[in-house]
Amino acid sequence: MPKPLSILYVSSEVVPFAKTGGLADVSGALPQVIREMGHDIRIIMPKYATVSDRKFKIHDIKRLTDMPIEIGDKTYLSSVKSSFLTNIRTKVQVYFVSNDDLYCRSDLYIDPKTKEGWPDNDDRFIFFCKSVIETMLLLGWKPDIIHLNDWQSAILAPMIKTMYAKEPLFKNTKIVFTIHNAAYQGIFPADTFEKTDLPQKVMTPDGMEYHGNVNFMKAGLQYADYITTVSKTYSKEIQESNDFGFGLEGIFKKKSRKLTGILNGMDTDVWNPEDDEHIPAHYSKKDFSGKVENKKALLERFKLPYDEKVPVIGIVTRLVDQKGLDLIEKRLDNMLKLKCQIVVLGSGQKEYEKMLQAAAKKNKKQVGVEIGFDEALAHLIEAGSDMFLMPSKYEPCGLNQMYSLRYGTLPIVRATGGLADTVIDLNENPKKGNGFVFDEYKAPKLLDAVKRAVKAYGDRENWEAAMKRAMSADFSWNRSADKYVELYRKLLKKK
Ligand code: ADP
Ligand code: GLC
């Protein structure tokens, strides 16, 4: 038996404590599966306003209380607290970096008033990274692997590799950096650099300097021992063009030998139509008669009429350019001429919120829209819809299409990133198909895919066969967790 590994998993959001998107789902699920494999994996994240001490049984750690952390000429106090992420099988230790001024706000990253990032996001995440290092030093806990996620934790890579290069605790530590979305890079003015305390050599084009600014994601890419992204297709796309690499494509290409795509899994305990606590009727691939009850409940919730013959198309998403909302906007009227209903849950860019609300107002029997973030409703939409629309411009992995497949809700997607790696077109491949796929990012192509889906829905027998296939696919974390552990071990073998 190879020796169990110690792994610190650093993430800016983790389900059930705080979530804005898929990173939280991944961070709440992957560490549990790695723990079940016998490794000592611990998570560290910021303690936001949603992270209630009482609800999550969080306690103080005396040694880690009021640690002074300097950011430029300011000194902030950092206290690290602890709790566990539990499921029926395991317990994973979670550390929370707390400082109420920095983290207890109405949103994780964005000021709802301006819809822009908080102006001190650089301080907030430099503070986070410095606190992570202090925590490990004070605990004397030696991680074999530090696993970073996205820009918020990326500068830990140069910190460990330069400022702490001689620190015995990190002597053999390897750093893995996972990119969940290359569009969000953490770019700040050049004077942010001083606040990191990193040596000047890091502020160069070979380090984190980026067109005269600092770029946190770039820092992670330059200093990590290995880079992963969340699907095979996305790992290639980001090397190809600015549309995917957002200016970092050259670096992704340069690092291609240390870069791989590992497809995300899904938490099959949380997203399970057989015992989902958020839906009124349970069902399985053997008997999906319960699905129609969920459809009725969903339509009732949106005050839309039920008609057995009319398919419901669900959408749950951040309402941002990435998700293909401009294509939807261009063809919504045409889609509504088809026999279908559309329900949407999301929040984000104002123009999309308004466009959808206007459509609901105009089409009272056909369109339901809820602006906001609602975990329970997201589950009901997965269970109650017949199809799920995700026409993303780019999609590093995408989790909702996997949830949809598991709920027998056939996804309509664009062939990009993880969508291309998980959904098979039913018209092209009638024996294996589990959804509808279009290639070019063009509105007529989207409309064509929706038309094909609505038409296919009329053929009950084939539709149900496709549902069964969709529900039988295995998107659990086990396979991908093995790949991460394999990667960790491979890195640790290298001197
Ligand atoms: P991304 O991380 O780019 O937003 P993913 O498909 O990977 O996309 O993950 C999105 C996650 O966030 C899913 O679990 C989805 O159900 C959830 N989600 C997105 N918007 C909302 C919302 N408005 N209400 C509830 N859940 C949402
Ligand atoms: C990002 C991506 C999404 C991915 C998620 C988890 O938010 O946009 O495609 O599924 O991270 O990796």
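Conventions we followed
- Residues numbered from 1 in each chain as written.
- Chains lettered and ligands numbered in written order.
- Predicted model: local features only at pLDDT ≥ 70, side-chain atom pairs only at ≥ 80, totals over all residues.
- Heavy atoms only, no water.
- Domains from an automatic or database assignment.
- Contact = heavy atoms within 4.5 Å.
- Buried area = accessible area lost by both parts, 1.4 Å probe.
- Salt bridge = Lys/Arg side-chain N within 4 Å of Asp/Glu carboxyl O.
- Phe/Tyr/Trp six-rings, centres within 6.5 Å; stacked < 30°, edge-to-face > 60°.
- Helix = DSSP H or I, 4+ residues; strand = E, 2+ residues; numbered from the N terminus.
- Buried < 20%, exposed > 50% of the residue type's maximum accessible area, 1.4 Å probe, protein only.
- Near = heavy atom within 4 Å.
- Polar contact = N/O pair within 3.5 Å; in protein donor to acceptor, adjacent residues only side chain to side chain.
- Areas by Shrake-Rupley, 256 points an atom, 1.4 Å probe, with all protein chains shown as cover.
- Nonpolar A, V, L, I, M, F, W, Y, C, P; charged D, E, K, R; others polar.
- Pairing = 2+ DSSP bridges.
- Right-handed = clockwise from strand over helix to strand, strands pointing away.

### Things to note about the domain arrangement of the protein
Many analyses report the size of an interface as the accessible area lost when the parts associate.
Phase 1 of the analysis: When the domains of the protein are assigned, the result is domain 1 (6-265 + 478-493) and domain 2 (289-474).
Phase 2 of the analysis: For domain 1 and domain 2, the distance between their C-alpha centroids amounts to 32 Å.
Phase 3 of the analysis: Taken together, the contact between domain 1 and domain 2 spans 23 residues of the former and 23 residues of the latter.
Phase 4 of the analysis: For the pair domain 1 and domain 2, the summed buried area comes to about 1500 Å², and 55% of that belongs to carbon and sulfur atoms.
Phase 5 of the analysis: Considering only the side of domain 1, the residues that lose the most area to domain 2 are Lys19, Lys115 and Leu263, jointly responsible for 25% of the buried surface there.
Phase 6 of the analysis: Along the contact surface separating domain 1 from domain 2 lie two salt bridges.

### Remarks on the packing of aromatic side chains
Phase 1 of the analysis: Enumeration according to the criterion identifies 17 aromatic pairs in this entry.
Phase 2 of the analysis: Aromatic side chains Trp271 and Tyr407 sit 6.2 Å apart centroid to centroid with 80° between the ring planes, which places their arrangement in the edge-to-face category. Placement of the pair is Trp271 in the loop between strand E15 (259-261) and helix H11 (291-301) and Tyr407 in the loop between helix H15 (400-406) and strand E20 (410-414), with a sequence separation of 136 residues. Accessibility classification places Trp271 together with Tyr407 in one group, the buried group.
Phase 3 of the analysis: Pairing Phe436 with Trp463 gives two aromatic rings, centres 6.1 Å apart and planes at 20°, and the pair type is stacked. Of this pair, Phe436 sits in strand E21 (residues 436-438) while Trp463 sits in helix H18 (residues 460-472), and the two are 27 residues apart along the sequence.

### As for the site of ligand 2
Phase 1 of the analysis: Looking at ligand 2, there are 14 residues lining it, with His180, Asn264, Glu395, Cys397 and Gly398 nearest.
Phase 2 of the analysis: Between Pro396 and ligand 2, the recorded distance is 3.5 Å, taken from a backbone N or O atom to an oxygen atom.
Phase 3 of the analysis: Here ligand 2, which alone exposes 310 Å², has 93% of that area covered by the protein.
Phase 4 of the analysis: Per-element tally for the shell around ligand 2: the top contributor is helix H1 (residues 22-36), with three residues.
Phase 5 of the analysis: Looking at the shell around ligand 2 residue by residue, the class counts come to six nonpolar, six polar and two charged.

### Points about the site of ligand 1
Phase 1 of the analysis: Lining the immediate environment of ligand 1, one finds 21 residues, of which Lys19, Gly22, Arg318, Lys323 and Gly372 sit closest.
Phase 2 of the analysis: Here Lys19 contributes a side-chain N or O atom positioned 2.9 Å from an oxygen atom of ligand 1.
Phase 3 of the analysis: With respect to ligand 1, the backbone of Asp374 contributes an N or O atom lying 3.0 Å from a nitrogen atom.
Phase 4 of the analysis: A total of 560 Å² of accessible area belongs to ligand 1 in isolation, and the protein chains cover 94% of it.
Phase 5 of the analysis: Broken down by secondary-structure element, the contributors of at least two residues to the shell around ligand 1 are H1, strand E16 (312-319), strand E17 (341-348) and H15.
Phase 6 of the analysis: The leading source of residues in the shell around ligand 1 is E16, at three residues.
Phase 7 of the analysis: Considered class by class, the residues forming the shell around ligand 1 number seven nonpolar, eight polar and six charged.
Phase 8 of the analysis: Residue assignment places the shell around ligand 1 across two domains, with domain 1 (6-265 + 478-493) and domain 2 (289-474) each supplying three or more.

### Digging into unusual backbone geometry
Phase 1 of the analysis: Cis geometry marks the peptide bond from Val15 to Pro16; its omega dihedral reads 10°.
Phase 2 of the analysis: Along the chain, Pro16 falls in the loop between strand E1 (6-10) and H1.
Phase 3 of the analysis: Although it is not a glycine, Lys57 sits at a positive phi angle of roughly 50°.
Phase 4 of the analysis: Positionally, Lys57 belongs in the loop between strand E2 (40-46) and strand E3 (59-60).
Phase 5 of the analysis: Of note in the backbone geometry, Asp197 takes a positive phi value of approximately 65° without being a glycine.
Phase 6 of the analysis: Among the structural elements, Asp197 can be located in the loop between helix H6 (192-196) and strand E12 (209-210).

### Regarding the pairing of strand E19 (residues 387-390)
Phase 1 of the analysis: Of the two faces of E19, the one lined by Met387 and Leu389 and the one lined by Phe388 and Met390 are each fully buried.
Phase 2 of the analysis: Judged from the two bridges that link them, E16 and E19 form a sheet pairing that is parallel. Bridging across to E19, Gly314 finds its partner in Phe388.
Phase 3 of the analysis: In the classification by handedness, the crossover that spans E19, the intervening H15 and the parallel E20 is right-handed.

### Quick look at the pairing of E16
Phase 1 of the analysis: Counting buried positions along E16 yields seven of eight residues, so the element is predominantly enclosed.
Phase 2 of the analysis: Pairing analysis gives eight bridges linking E16 to E17, with the strands arranged parallel. Bridge pairing in E17 links Thr317 to Gly346.
Phase 3 of the analysis: Following the backbone out of E16, through helix H12 (residues 325-336) and into the adjacent parallel E17, one traces a crossover that is right-handed.

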